Amino acid sequence: MSDKTLRYLVASVIVMLLVFQIGTLIASAFGMAWGAVSAVVVAAVSFFSARLARAGGRNSVWFLLPTILFTIIPLAYLIWHAWTAEVSGFERLAGFAPFLIGFAGPVLVLLLVYLELRKRTLKP
């Protein structure tokens, strides 16, 4: 596979992770219908951001900004939810582990891979 194809695959996986995480978060907080609507909105924003990043050439801010934003929003919600719950510190840490291991960590690794592949494909 070419670097360009790998870059598209990595970007697709990032978007899928974002759609799942935001959809699950909204569905658990407000119900299934709002979760489905938010998943569609996240997918649309990510799609248009990827198109803007592609049109921007070397500038990938349009792809990184919504990805970081959609990663920070669930993290802020989880932190707020953990601090308002009356549980021990270990239980708070255990509550963050699935988010960090299953979403935030993979998204950060995939962003690093995406940026490296972008550098390779944009070299003259």
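Residues numbered from 1 in each chain as written. Predicted model: local features only at pLDDT ≥ 70, side-chain atom pairs only at ≥ 80, totals over all residues. Heavy atoms only, no water.

Q: Outline the overall build of the chain, supporting the account with residue identities and numerical values.
A: The helix and strand tally for the chain stands at four helices and zero strands. Going from the N terminus to the C terminus, the chain shows its helices and strands as α-α-α-α. Each principal axis of the C-alpha atoms in the chain carries an extent, and together these give about 55 × 30 × 25 Å. Within the chain, the proportion of its 124 residues that are buried is 31%. In the chain, 68% of the contacts between residues at least 6 apart in sequence involve partners at least 24 apart. If you sum the accessible surface of the chain, you get close to 7,900 Å²; carbon and sulfur atoms cover 76% of it. (Helix = DSSP H or I, 4+ residues; strand = E, 2+ residues; numbered from the N terminus. Buried < 20%, exposed > 50% of the residue type's maximum accessible area, 1.4 Å probe, protein only. Contact = heavy atoms within 4.5 Å. Areas by Shrake-Rupley, 256 points an atom, 1.4 Å probe, with all protein chains shown as cover.)

Q: Go over the confidence of the model for the chain with me, naming the residues and quoting the values.
A: Of all residues in the chain, 93% have pLDDT values of 70 or greater, and the mean over the chain is 79. Ranking the helices and strands of the chain by mean pLDDT puts helix H1 (residues 3-30) first, with 83, and helix H3 (residues 61-84) last, with 77. (pLDDT = per-residue confidence, 0-100.)

Q: Any chance you could break down the environment of Ile-79 for me, citing the residues and the numbers?
A: Tracing the backbone shows Ile-79 in helix H3. According to the relative accessible area criterion, Ile-79 is partly exposed, its value standing at 34%. Note: C-alpha distance between Ile-79 and Phe-96 (17 residues apart in sequence) is 8.2 Å.

Q: So what's going on with the packing of H1 against helix H4 (residues 89-122)? Residues and values would help.
A: Running from N to C, H1 and H4 point in directions that differ by 155°, and their axes come no closer than 9 Å. When the interaxial angle is binned, H1 and H4 end up roughly antiparallel. Between H1 and H4 lies a crossing whose hand is left-handed. Per-class residue counts for the contact of H1 with H4 are 16 nonpolar, three polar and five charged. (Axes fitted to C-alpha atoms, helices over the stretch in contact; angles between N-to-C directions. Parallel < 35°, antiparallel > 145°, perpendicular 65-115°, else oblique. Left-handed = near helix turned anticlockwise from the far one by under 90°. Nonpolar A, V, L, I, M, F, W, Y, C, P; charged D, E, K, R; others polar.)

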